[in-house]
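# Residue-level structure breakdown
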Amino acid sequence: MNKLKNIQLIALDIDGTSMNSNSEITDYTRNIIQLLANKYVVVPTTGRGFYKLRENILKVKNIRYVISANGAVVTDGLKNKRLFEFLIPYKVAAKIADKYTREDTFVYIHRNDECSTHVFGCLNKEFYENNLKRDFKTDYKDLDIVDLYDYILKDQRNVLKIGIRFKSQCDLDIAKQSIERSFPEVNVFEVGNIGLEITEKLASKKDSLEKLCTHLNVDSSNVLAIGDNGNDVEMLKWAGVGVAMKNAVIQAKEVANIICEDNNHDGAAHFLEEYLL
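Figured I'd write up the structure that's included with this text. Every value quoted in this text rests on a predicted model; they were computed, and no experiment measured them.

### Looking at the overall build of the chain
- Each helix and strand in the chain was counted, giving 12 helices and 13 strands.
- Overall size of the chain, expressed as C-alpha extent along the three principal axes, is 50 × 35 × 35 Å.
- For the chain, the share of sequence-separated contacts (at least 6 apart) that also reach a separation of at least 24 residues comes to 59%.
- When the accessible surface of the chain is split by element, carbon and sulfur atoms take 45% of a total near 12700 Å².
- Charge-centre separation for the chain: the mean point of 37 positive side chains lies 4 Å from the mean point of 40 negative side chains.

As structure tokens, then:
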């Protein structure tokens, strides 16, 4: 635990780490994050978009920097300025969306606009209602569903992130290998509920955290990263102290220095309070 004495920056995952399984941040966890933000550089490092993340979701002051869309964008919130961005070329995004929009998948993109708007491609209402409605918290009829291939090509805007949900782990494994082989321009991460998320090749939580730390003159040995999912693995490995949640995927636990209690018991907040406050 001696490494914890030198921590300057905390890279904090949101879903599955700061949030419980109901996608809620408890008052206790929020209060701990606020105390940490008063003392350290706290950087939300998330697959979510930047828009309203600090104001409507975290509701914590003194958070300046955000790594969003799995590292596709690093934002200085004080200056309302993107420090770095790594976007999927729109023609590549259109090809991926077209290939994987099927009866047994659910595809979505984060549009490169101010709100990181979700746009969806889905051919199977039943698949969505039975498997994904809880995650997206939206009725099927209220989703913005389009032909993603045509939409992306007409929009001609490079894409922050692509997400694909599958019916089975076998389908996911086959698709992951195929995407990595066919589209060398992108990174592919496995995420919860039988899903993949895809970013531009230079975009990952780890790579963007490293770039931000260089910008802030913070060494990796002075960074604590905490997370739970496949998109957190390289970040946990790179940081001076990597903390995996008890509910984390096995790959995250294998590279972490420490495993804390799960997200339904405020595990991240309890750990950070005990060792950093």
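### A word on the state of the cysteines
- If you walk through the whole model with that rule in mind, you get zero disulfides.
- Free of any disulfide, Cys-213 has its nearest neighbouring cysteine sulfur in Cys-260, separated by 20 Å.

### Concerning the sheet that holds strand S9 (residues 186-191)
- What the five strands build is an open sheet, ordered S7-S6-S8-S10-S9; its pairing is antiparallel. Each edge of the open sheet carries a strand with a single partner, namely strand S7 (118-122) and S9. The average angle at which neighbouring strand axes cross in this sheet is 20°, direction not considered.
- For strand S8 (residues 159-166) and strand S10 (residues 195-200), the ladder comprises four bridges, and the chain directions are antiparallel. Its bridge partner being in S10, Gly-163 is matched across the sheet by Glu-197.
- Lying over the sheet, helix H4 (residues 90-100) contacts strand S6 (105-111), S8, S9 and S10, oriented at roughly 10° with respect to S8.
- Strand contacts of helix H7 (residues 148-155): S6, S7 and S8, with the helix running at about 15° to S6, the strand carrying the most contacts.

### Notes on the side chain of Glu-200
- Mapped onto the secondary structure, Glu-200 falls in strand S10.
- An unpaired buried charge is present at Glu-200: no salt bridge exists, and Lys-211, the closest side chain of opposite charge, is 8.2 Å distant.
- Beyond its immediate chain neighbours, meaning those up to four positions away, Glu-200 contacts Phe-86, Leu-87, Ile-88, Glu-185, Val-186 and Asn-187.

### Re the sheet that holds strand S12 (residues 241-245)
- Taken together, the five strands give an open sheet; going across it, the order is S2-S1-S11-S12-S13, and neighbouring strands pair in parallel fashion. Each end of this open sheet is capped by a strand with a single partner; those strands are strand S2 (41-44) and strand S13 (258-260). Strand-to-strand twist in this sheet, taken as the mean axis angle between neighbours without regard to direction, amounts to 20°.
- Where strand S1 (residues 9-12) meets S2, four bridges bridge the pair, whose relative direction is parallel. Bridge pairing in S2 links Leu-9 to Val-41.

### Focus on the side chain of Ser-178
- Relative to the elements of secondary structure, Ser-178 occurs in helix H8 (residues 169-182).
- Ser-178 sits in the buried class, given a relative accessible area of 10%.
- Among the polar contacts listed, one links the side chain of Ser-178 to the side chain of Lys-99, at a separation of 3.1 Å.

### Thoughts on the pairing of strand S4 (residues 73-76)
- On S4, burial covers both faces: Val-73 and Thr-75 on one face and Val-74 and Asp-76 on the other are all buried.
- The sheet contact formed by strand S3 (residues 65-68) and S4 spans four bridges and is antiparallel. Following the sheet pairing, Tyr-65 is matched in S4 by Asp-76.
- Hairpin connection of S3 to S4: four residues between the antiparallel strands, including Ala-69 at a positive phi of 50°.
- Note that S4 and strand S5 (residues 81-85) share four bridges and pair antiparallel. Paired with Val-73 across the bridge in S5 is Glu-85.
- What sits between the antiparallel neighbours S4 and S5 is a turn of four residues, in which Asn-80 has the positive phi angle 50°.

### Observations concerning the packing of aromatic side chains
- If you walk through the whole model with that rule in mind, you get five aromatic pairs.
- Summarising the aromatic geometry, the rings of Tyr-108 and Phe-120 are spaced 6.5 Å apart at their centres and angled 50° between planes, so their arrangement reads as tilted. Of the two residues, Tyr-108 is situated in strand S6 and Phe-120 in strand S7; the sequence distance between them amounts to 12 residues. The same class applies to Tyr-108 as to Phe-120, namely buried.
- With 4.9 Å between their ring centres and 40° between their planes, Phe-271 and Tyr-275 make a pair best called tilted. Linking Phe-271 with Tyr-275, this pair stays in helix H12 (residues 267-276), spanning four residues, or about one helical turn.
- Under the relative-accessibility criterion, Tyr-275 is labelled partly exposed at 34%.

Thresholds, definitions, all that
Residues numbered from 1 in each chain as written. Predicted model: local features only at pLDDT ≥ 70, side-chain atom pairs only at ≥ 80, totals over all residues. Heavy atoms only, no water. Helix = DSSP H or I, 4+ residues; strand = E, 2+ residues; numbered from the N terminus. Contact = heavy atoms within 4.5 Å. Areas by Shrake-Rupley, 256 points an atom, 1.4 Å probe, with all protein chains shown as cover. Lys, Arg positive; Asp, Glu negative; His and termini not counted. Charge placed at Lys NZ, Arg CZ, Asp CG, Glu CD. Disulfide = S-S within 2.5 Å. Pairing = 2+ DSSP bridges. Axes fitted to C-alpha atoms, helices over the stretch in contact; angles between N-to-C directions. Buried < 20%, exposed > 50% of the residue type's maximum accessible area, 1.4 Å probe, protein only. Salt bridge = Lys/Arg side-chain N within 4 Å of Asp/Glu carboxyl O. Polar contact = N/O pair within 3.5 Å; in protein donor to acceptor, adjacent residues only side chain to side chain. Phe/Tyr/Trp six-rings, centres within 6.5 Å; stacked < 30°, edge-to-face > 60°.

Coordinates in, geometry out; function isn't part of it.
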